Amino acid sequence: QVQLVESGGGSVQAGGSLRLSCGASGYISSFHCMGWFRQAPGKEREGVASISIGGRFTYYVDSVKGRFTISQDNANMMYLGMNTLKPDDTAMYYCAAAKYGGNCESFLSTFQTSRWVVYWGQGTQVSVSD
């Protein structure tokens with residue numbers, strides 16, 4: 001099955017940058033959407049950015065538009081570039097691959113529903129300090 005491994009998290013000062021990477025392996029031909037999600041302590045998991053396989057379509061939660069960039073080299077490698085980081089960006093960030101539930105735009109807000117089959121990475125911590 002699909003396996004996902006994230007890397008690239010760390011601690012930075014406000015205004016700094018990080019780039020997260022996600023490597024996917026296994027049978028992913030039927031997965032049409034990948035994305036990044038985050039969860040801060042005491043908060044619900046939040047969809048951050050999603051991308052269709054092939055990279056033709058990208059979507060972002062409003063709070064990161066203009067600062068974060070999701071991209072992929074191919075279906076097996078995905079990235080999240082994060083610029084002008086804010087303390088509110090502090091969270092555990094998770095890579096995900098998904099299918100069945102709809103398009104990648106809807107993935108950001110409906111990933112919790114049973115319509116989606118989602119595979120998750122283990123998470124990588126991003127900490128932004130003042």
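Here the structure is a predicted model, which means the values were calculated and not measured. (Residues numbered from 1 in each chain as written. Predicted model: local features only at pLDDT ≥ 70, side-chain atom pairs only at ≥ 80, totals over all residues. Heavy atoms only, no water.)

Looking now at the overall build of the chain. Looking only at helices and strands, the chain has 1 helix and 11 strands in total. Taken against the 2.2 N^0.38 rule, which gives 14 Å for 130 residues, the C-alpha radius of gyration of the chain at 14 Å falls within 12% of a compact globule. Principal axes of the C-alpha set define a box for the chain whose edges measure 40 × 25 × 25 Å. At a minimum sequence separation of 6, the contacts of the chain that also span at least 24 residues come to 59%. For the chain, the accessible surface area stands at approximately 6,500 Å², while carbon and sulfur atoms represent 47% of it. (Helix = DSSP H or I, 4+ residues; strand = E, 2+ residues; numbered from the N terminus. Rg over C-alpha atoms; globule rule 2.2 N^0.38 Å. Contact = heavy atoms within 4.5 Å. Areas by Shrake-Rupley, 256 points an atom, 1.4 Å probe, with all protein chains shown as cover.)

Judged by pairing direction, the sheet is antiparallel, and its 4 strands sit side by side in the order β1-β3-β8-β7 without closing on themselves. The outermost strands of the open sheet, each flanked by one partner alone, are β1 (3-7) and β7 (68-74). Adjacent strand axes in the sheet meet at a mean angle of 20° when their direction is disregarded. (Pairing = 2+ DSSP bridges. Axes fitted to C-alpha atoms, helices over the stretch in contact; angles between N-to-C directions.)

Covalent bonding between the sulfur atoms of two cysteines defines a disulfide. This model, assessed by the stated rule, comprises 2 disulfides. Linked covalently through their sulfurs, Cys22 and Cys95 form a disulfide whose S-S length is 1.8 Å. Its torsion about the S-S bond being -65°, the disulfide of Cys22 and Cys95 is classed as left-handed. With Cys22 in strand β3 (residues 18-25) and Cys95 in strand β9 (residues 91-99), this residue pair connects regions lying 73 residues apart in the sequence. Assessed through its relative accessible area of 0%, Cys22 is described here as buried. (Disulfide = S-S within 2.5 Å. Buried < 20%, exposed > 50% of the residue type's maximum accessible area, 1.4 Å probe, protein only.)

Grouped together as the largest cluster of nonpolar side chains are 29 residues, with contacts concentrated most on Met34, Trp36, Leu80, Met82 and Tyr93. Broken down by secondary-structure element, the contributors of at least two residues to this core are β3, β4 (33-39), β5 (46-52), β7, β8 (77-82), β9 and β11 (124-129). (Core = buried A, V, L, I, M, F, W, Y, C linked by side-chain atoms within 4.5 Å.)

With that settled, consider the pairing of β5. Within β5, 6 of the 7 residues are buried, which leaves it mostly tucked inside the rest of the structure. Taking the residues that link successive antiparallel strands as the turn, the β4-β5 hairpin has 6 residues, and the phi of Gly42 there is positive, at about 75°. Remark: 5 residues form the turn of the hairpin made by β5 and strand β6 (residues 58-60), two consecutive strands paired antiparallel; Gly54 in that turn has positive phi of roughly 105°.

Here the phi dihedral of Thr84 falls at roughly 45°; this positive angle occurs in a residue that is not glycine. Residue position: Thr84 is located in the loop between β8 and β9. We classify Thr84 as partly exposed; its relative accessible area is 46%. Notably, Tyr100 is not glycine yet its phi reads approximately 85°, a positive angle. Look at Tyr100 and you get exposed, because its relative accessible area is 61%.

So, about the pattern of salt bridges. Pairing is possible between side chains that carry opposite charge, provided their charged atoms lie close to one another. Under the criterion given, the structure shown has 4 salt bridges. Asp62 is the salt-bridge partner of Lys65, the closest N and O atoms lying 3.1 Å from each other. Looking at Asp62, the relative accessible area reads 62%, which means it is exposed. Across the salt bridge formed by Arg67 and Asp89, the nearest N and O atoms sit 2.8 Å from each other. You can see Arg67 sitting in the loop between β6 and β7 and its partner Asp89 sitting in the loop between β8 and β9, a full 22 residues away along the chain. One network of salt bridges, with partners in common, ties together Arg38, Glu46, Arg67 and Asp89. (Salt bridge = Lys/Arg side-chain N within 4 Å of Asp/Glu carboxyl O.)

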